[in-house]
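Summary of structural features
Okay, here's what each chain looks like letter by letter:
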Amino acid sequence: QVHLVESGGGLVHPGGSLELSCTASGSIFHIVAMGWYRQTPGKQRELVATVNSGGATNYADSVKGRFTISRDNALNTVYLQMNSLRPEDTAVYYCNLRGYSDYRSHGDFWGQGTQVTVSS
């Protein structure tokens, strides 16, 4: 079983910054990618940013130039530096790991989520 724990959420004013962290533990056979998704009430969960095992990154258009995803492979940890935050960034942010829990089982694993609120 893979366990993901997020931290770093909070309340900030528009234009402020936060850094989220996510550490994976448990039965991890091979990591394909890690990333961040977010969800607000009544809306579908959406991709924010991902980084794959080769270091390639992918960002939602709405966060390009403001958010940066990074990783520490030795610690199975992924970070999301969020700058120039806007009220529309308010959401629960979920950490995702895509990979293999054994030699043949490929799937997605999710953290419990951390609340980010951007408000005046």
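This text goes with the structure placed above it.
Figured I'd write up the structure that's included with this text. Position numbers for residues count from 1 along each chain, tracking the sequence in the order it is written. Local features in a predicted model are, by the rule used here, given only for residues with pLDDT of at least 70; side-chain atom pairs are given and counted only at 80 or more, and totals for whole chains, interfaces and linings are based on all residues. Side-chain measures here rest on the full set of heavy atoms in the structure, leaving out hydrogens and waters.

Before going further, it helps to spend a moment on the sheet that holds strand β3 (residues 18–26). At least two bridges found by DSSP between two strands are what make those strands a pair. The helix count covers DSSP runs of H or I at least four residues long, the strand count covers runs of E at least two residues long, and both are numbered beginning at the N terminus. Taken in spatial order, the four strands of this open sheet run β1-β3-β8-β7, and their pairing is antiparallel. Both edges of this open sheet fall to β1 (2–7) and β7 (67–72), since each of them pairs with a single strand only. Taking the axes of each pair of neighbouring strands and ignoring which way they run, one obtains an average angle of 15° across the sheet. Taken together, the six bridges between β1 and β3 define a ladder with antiparallel strand orientation. Counterpart to S7 in the pairing with β3 is S21. Here, axes are lines fitted to C-alpha atoms. For helices the fit covers the stretch in contact, and angles between N-to-C directions go from 0 to 180 degrees.

Note that A91 resides in strand β9 (residues 91–100). It is 13 Å that separates the C-alpha atoms of A91 and V63, two residues lying 28 residues apart in sequence. The residues touching A91, leaving out its near neighbours within four places in the chain, are R38, Q39, T40, T114, Q115 and V116. Residue contacts are defined here by distance: any two heavy atoms, one from each residue, within 4.5 Å place the two residues in contact.

Disulfides are defined as pairs of cysteine sulfur atoms found within 2.5 Å of each other. Under the criterion given, the structure shown has one disulfide. Paired through a disulfide, C22 and C95 show a sulfur-sulfur distance of 1.9 Å. Looking along the S-S bond of the C22-C95 disulfide, the torsion reads about -85°, which is the left-handed sense. Placement of C22 in strand β3 and of C95 in strand β9 is noted, with a sequence separation of 73 residues between them. Here C22 and C95 have matching classes, each one buried. Exposure classes here rest on a 1.4 Å probe applied to the protein chains alone. A residue is buried below 20% of its type maximum, exposed above 50%, and partly exposed in between.

Here we take up the nonpolar core. The nonpolar core is taken to be a set of buried Ala, Val, Leu, Ile, Met, Phe, Trp, Tyr and Cys residues, with the residues joined through side-chain atoms within 4.5 Å. W36, L80, M82 and Y93 are the most contacted members of the largest nonpolar core, which has 29 residues in total. Breaking this core down by element, the ones donating at least two residues are β1, β3, β4 (30–39), β5 (46–52), β7, β8 (77–82), β9 and β11 (114–118).

This brings us to the pattern of salt bridges. Salt bridges are defined by distance alone: a side-chain nitrogen of Lys or Arg within 4 Å of a carboxyl oxygen of Asp or Glu. All chains considered together, the criterion is met by five salt bridges. Residues R38 and E46 are paired through a salt bridge, measuring 2.7 Å at the closest nitrogen-oxygen approach. Residue classification places R38 among the buried positions, given a relative accessible area of 7%. A relative accessible area of 37% means that E46 is categorised as partly exposed. The salt bridge partner of D108 is R98, with a shortest N-O separation of 2.8 Å. Here the residue D108 occupies a position in strand β10 (residues 106–110), and R98 occupies one in strand β9, the gap between them amounting to 10 residues. Judged by its relative accessible area of 34%, D108 is partly exposed.

This part covers unusual backbone geometry. For N76, which is not glycine, the phi dihedral falls at a positive 50°. Mapped onto the elements of the fold, N76 is located in the loop between β7 and β8. Even without being glycine, S84 reaches a positive phi, approximately 50°. Secondary-structure assignment places S84 in the loop between β8 and β9. With relative accessibility at 40%, the residue S84 sits in the partly exposed group.

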